[in-house]
Amino acid sequence: MKIGLLARIEAKPEFADQVASMLGDALQLAREEEHTVTWFAFREGATTFGVFDTFEDEQGRTAHLQGRIAEALMAAATTMLASPPDIRPVDLLAVKLP
């Protein structure tokens, strides 16, 4: 793993539970992505969520950004999110896994 994505997602209060469910359901899609090494969805507060995922190379990251999870997130953005997702590429400096 050398690179990743960090996404911050702010749901409209009335859609927070639906966004949480959507992210939970996205786990299966992440498992199906050949180039996604790790994938985490998390909740920071009542309406604030995030996703962190890692990839071996830019090809994998690009494929993920063009995949079904990103598609679902962008579709939700118009109705369920308070603002567009803030998705940032990151370079991994150190990693500890079990």
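Before reading on, note that the structure itself is shown above.
Residues numbered from 1 in each chain as written. Predicted model: local features only at pLDDT ≥ 70, side-chain atom pairs only at ≥ 80, totals over all residues. Heavy atoms only, no water.

Enquirer: Which residues make up the pattern of salt bridges, and what are the values?
Expert: Applying the stated rule across the entire model yields four salt bridges. Notably, a salt bridge pairs Glu32 with Arg68, separated by 3.4 Å at the nearest N-O pair. Of this pair, Glu32 sits in helix α1 (residues 16-32) while Arg68 sits in helix α3 (residues 68-77); the two residues are 36 residues apart in sequence, bridging distant segments of the chain. The exposure class of Arg68 is exposed, given its relative accessible area of 53%. Here Arg88 ties to Asp86 by a salt bridge, and the two come within 3.0 Å at their closest N and O atoms. (Salt bridge = Lys/Arg side-chain N within 4 Å of Asp/Glu carboxyl O. Helix = DSSP H or I, 4+ residues; strand = E, 2+ residues; numbered from the N terminus. Buried < 20%, exposed > 50% of the residue type's maximum accessible area, 1.4 Å probe, protein only.)

Enquirer: Could you give an account of α3, with specific residues and numbers?
Expert: Turning to α3, its buried residues number three or more, namely Ile69, Ala70, Leu73, Ala76 and Ala77. Burial along α3 is one-sided: seen end-on, the buried residues are contained in an arc of 125°. For α3, the exposed residues lying more than 90 degrees away from the buried face are Arg68, Glu71 and Ala75. Those residues of α3 that are buried lie in contact with β1 (3-10), α1, β2 (36-43), α2 (58-65) and β4 (86-91). (Arc of directions from axis to C-beta. Contact = heavy atoms within 4.5 Å.)

Enquirer: How would you sum up the pairing of strand β3 (residues 48-55)? Please name residues and give values.
Expert: Burial analysis of β3 places seven of its eight residues in the buried class, the great majority of the element. Pairing of β2 with β3, which is carried by seven bridges, proceeds in the antiparallel orientation. Opposite Thr38, over in β3, you have Thr54 as the bridge partner. Between β2 and β3, which pair antiparallel one after the other, the connecting turn spans four residues. (Pairing = 2+ DSSP bridges.)

Enquirer: So what's going on with the nonpolar core? Residues and values would help.
Expert: Counting 19 residues, the largest nonpolar core has Ile9, Val19 and Phe49 as the members making the most contacts within it. Broken down by secondary-structure element, the contributors of at least two residues to this core are β1, α1, β3 and α3. Broken down by element, this core gets its largest block of residues, seven residues, from α1. Beyond its immediate stretch of four places on either side in the chain, Ile9 contacts Val19, Leu23, Thr47, Thr48, Phe49, Val51, Leu73, Leu81 and Pro85. (Core = buried A, V, L, I, M, F, W, Y, C linked by side-chain atoms within 4.5 Å.)

Enquirer: How would you sum up the packing of aromatic side chains? Please name residues and give values.
Expert: Evaluation of the coordinates by the stated rule reveals one aromatic pair. Note on Phe40 and Phe52: the rings are 6.2 Å apart at their centroids and 25° apart in plane angle, and the pair reads as stacked. Separated by twelve residues along the polypeptide, Phe40 in strand β2 and Phe52 in strand β3 bring together distant segments of the chain. Phe40 sits in the partly exposed class, given a relative accessible area of 42%. Since its relative accessible area comes to 22%, Phe52 is described here as partly exposed. (Phe/Tyr/Trp six-rings, centres within 6.5 Å; stacked < 30°, edge-to-face > 60°.)

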